[in-house]
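Listed here are the chains, written in short residue letters.
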Amino acid sequence: MTVLCQVHEIEEDSARGFDVDGRSVLAVKKDGRIYVYVNSCPHIGIPLEFQPDEFLDMEKRFIQCANHGALFEIETGDCIAGPCSGQALTAAPFEIDGDTLRLI
Ligand code: FES
């Protein structure tokens, strides 16, 4: 298992990107809960962000793909607007042990 970070290091309503062991994922914290997805847009299979750790829309309500603007629900990964509407981000299995966030 791969340690990503400590949960407290991710601020509420923000995201962080990680490239570890050949895997690229993003972790989002919302309402105190953590969600982790593979960093690959279902539109054309490329990373979501242009700037490091910039994965959310301006209101911090959705995950937003910087390439063509697709919006994804933070809680489910479902794409609700944009060129891949109806598709979804792939959830990455993880565990939280105390304050430590790990990919499984
Ligand atoms: S690559 Fe994400 S919307 Fe096009």
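Everything below is about the structure shown above.
Residues numbered from 1 in each chain as written. Predicted model: local features only at pLDDT ≥ 70, side-chain atom pairs only at ≥ 80, totals over all residues. Heavy atoms only, no water.

(A) Structural context of the state of the cysteines. What the rule picks out here adds up to 0 disulfides. The thiol sulfur of C79 is not disulfide-bonded, and the nearest other cysteine sulfur, from C84, lies at 3.7 Å. (Disulfide = S-S within 2.5 Å.)

(B) Spotlight on the sheet that holds strand 6 (residues 71-73). Read across the sheet, 3 strands follow the order 5-6-7 without closing on themselves; strand pairing throughout is antiparallel. With partners counted over all chains shown, the strands left at the sheet margins are strand 5 (62-64) and strand 7 (79-81), one partner each. Ignoring strand direction, the axes of neighbouring strands in this sheet form an average angle of 40°. (Pairing = 2+ DSSP bridges. Helix = DSSP H or I, 4+ residues; strand = E, 2+ residues; numbered from the N terminus. Axes fitted to C-alpha atoms, helices over the stretch in contact; angles between N-to-C directions.)

(C) Focus on the sheet that holds strand 1 (residues 2-6). The antiparallel open sheet is built from 3 strands, whose spatial order is 1-9-8. Either end of the sheet is taken by a strand with one partner, and the two such strands are strand 1 and strand 8 (94-97). Averaged over all neighbouring strand pairs, the angle between strand axes comes to 25°, with direction disregarded. Two strands pair when backbone bridges link them, and strand 1 and strand 9 (residues 100-103) are joined in this way by 4 bridges, in the antiparallel orientation.

The quantities given are spatial measurements derived from coordinates; they are silent on function.
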